[in-house]
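Coordinates in review
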Amino acid sequence: MTIDLSYFDRWIIAPYAICLFGSVLIGLAYIAVRLKHSGIKTEYTMYILFLELISILLCGNFLASVMQQKTPHEAGFTSLGGAAGMLLGVWLNNVIFKEKRTEITETCITALPLIYSIAKLGCLFGGCCGGLPYTGPFAVRYLRNGQIVQADSIPVQLIETVVFLQLFFLFFRCKNKIGAAQMIILCSVAKFLTDFLRDVHKDAVISQNQVGCVVVIVAAAFICVRKRHRRVA
């Protein structure tokens, strides 16, 4: 698969931006529909969505600036920061709407892999977050003005799209069987494993994203154990 980046250079809005903001809007639309079915008032839903949107954008940009050691204006957006923003928004909304915190938490966490899967298509067409060198089936190559800017590599962005879309369908079908903390653990494990396919591992054993995933897994596991102890007590 060959992708000519010079073709997208002519677009008024880059495909990365289209997929990124499109993924957030689709995820928020899913949350709105699910919250409506849960009986939450429309005005409350609007507050919840607004807080989630602000948290996602701010945290995604903030973490990108920290990881890239740039100012927020110079830095882009990182998916890990966006996920952290979603979780921050969930916590804030739970504080505000305590009586509906179960519905809010499960709905927002279910939307996480959906948002991420769509956003990774932007990385695929934008040429970022590339994979390790690979010349087998479905290998992706990037060109710009007829020149190769990235040789054949693993289409890790497409793999992540497929993996996380499957996780979304799993969470949607089993939303009454899988807890929110367990969903977070599954998403973090999937991100941790698929990250090994990225080209950053040519020079590093563990990436910054994977360190973040480990932190999230430990925190979510602690929540699971704490809830289990409460049930026993």
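Residues numbered from 1 in each chain as written. Predicted model: local features only at pLDDT ≥ 70, side-chain atom pairs only at ≥ 80, totals over all residues. Heavy atoms only, no water.

Here's the deal with the nonpolar core
- By size, the foremost hydrophobic cluster in this structure holds 33 residues, and its most contacted members are I31, M86 and I104.
- Taken together, the elements giving at least two residues each to this core come down to α2 (15-37), α3 (42-68), α4 (79-96), α5 (101-126), α6 (156-173) and α7 (180-194).
- Ranked by the residues each element gives to this core, the list is headed by α5, at 8 residues.
- In contact with I31, other than residues within four places in its own chain, are L49, M86, T107, C108 and A111.
- In terms of nonpolar packing, the next biggest core, distinct from the first, is built from 6 residues, I3, L5, L124 and V140 among them. (Core = buried A, V, L, I, M, F, W, Y, C linked by side-chain atoms within 4.5 Å. Buried < 20%, exposed > 50% of the residue type's maximum accessible area, 1.4 Å probe, protein only. Helix = DSSP H or I, 4+ residues; strand = E, 2+ residues; numbered from the N terminus. Contact = heavy atoms within 4.5 Å.)

Quick word on α3
- With 27 residues, α3 ought to run about 39 Å at 1.5 Å a step, and its terminal C-alpha atoms sit 39 Å apart, in line with that.
- Of the residues making up α3, those classed as buried are T45, I48, L49, E52, S55, I56, C59, G60, N61, A64 and S65.
- Tucked into the core, α3 has its buried residues touching α2, α4 and α5.
- Trailing α3 by a residue or two, Q69 shows a phi angle of about 55°, which is positive. (Expected span 1.5 Å × (residues − 1).)

Let's talk about a nonpolar patch on the surface
- A contiguous nonpolar surface patch, about 610 Å² in accessible area, is contributed by V189, L193, F196, V205, I206, V211 and V215.
- The set of elements that each furnish at least two residues to the nonpolar patch consists of α7 and α8 (208-232).
- Inspection of the secondary structure assignment puts L193 in helix α7.
- On the basis of relative accessibility, which here comes to 51%, the residue L193 falls in the exposed class. (Patch = residues over 30% accessible without salt bridge, like charges linked within 9 Å, V, L, I, M, F, W, Y side chains within 5 Å. Areas by Shrake-Rupley, 256 points an atom, 1.4 Å probe, with all protein chains shown as cover. Salt bridge = Lys/Arg side-chain N within 4 Å of Asp/Glu carboxyl O.)

Some words on α4
- Between the first and last C-alpha of α4 there are 26 Å, a value that for 18 residues agrees with the 26 Å anticipated at 1.5 Å per step.
- What α4 keeps buried is the set L80, G81, G82, G85, M86, G89, V90, N93 and N94.

Side note on the environment of T110
- Within the secondary structure layout, T110 lies in helix α5.
- Not counting chain neighbours up to four residues away, the residues in contact with T110 comprise Y30, F168, F171, F172 and M183.
- A polar atom in the side chain of T110 sits 2.6 Å from the backbone oxygen of E106. (Polar contact = N/O pair within 3.5 Å; in protein donor to acceptor, adjacent residues only side chain to side chain.)

Describing the sheet that holds strand β2 (residues 140-144)
- A sheet is described by the order of its strands in space; here 3 strands give the open sequence β1-β2-β3, paired in mixed fashion. Edge positions in the sheet fall to β1 (2-4) and β3 (147-153), since each of these pairs with one other strand and no more. For this sheet, the mean angle separating the axes of adjacent strands, direction not counted, is 15°.
- Sheet analysis places β1 next to β2, joined by 3 bridges and oriented parallel. Paired with D4 across the strands is L143, a residue of β2. (Pairing = 2+ DSSP bridges. Axes fitted to C-alpha atoms, helices over the stretch in contact; angles between N-to-C directions.)

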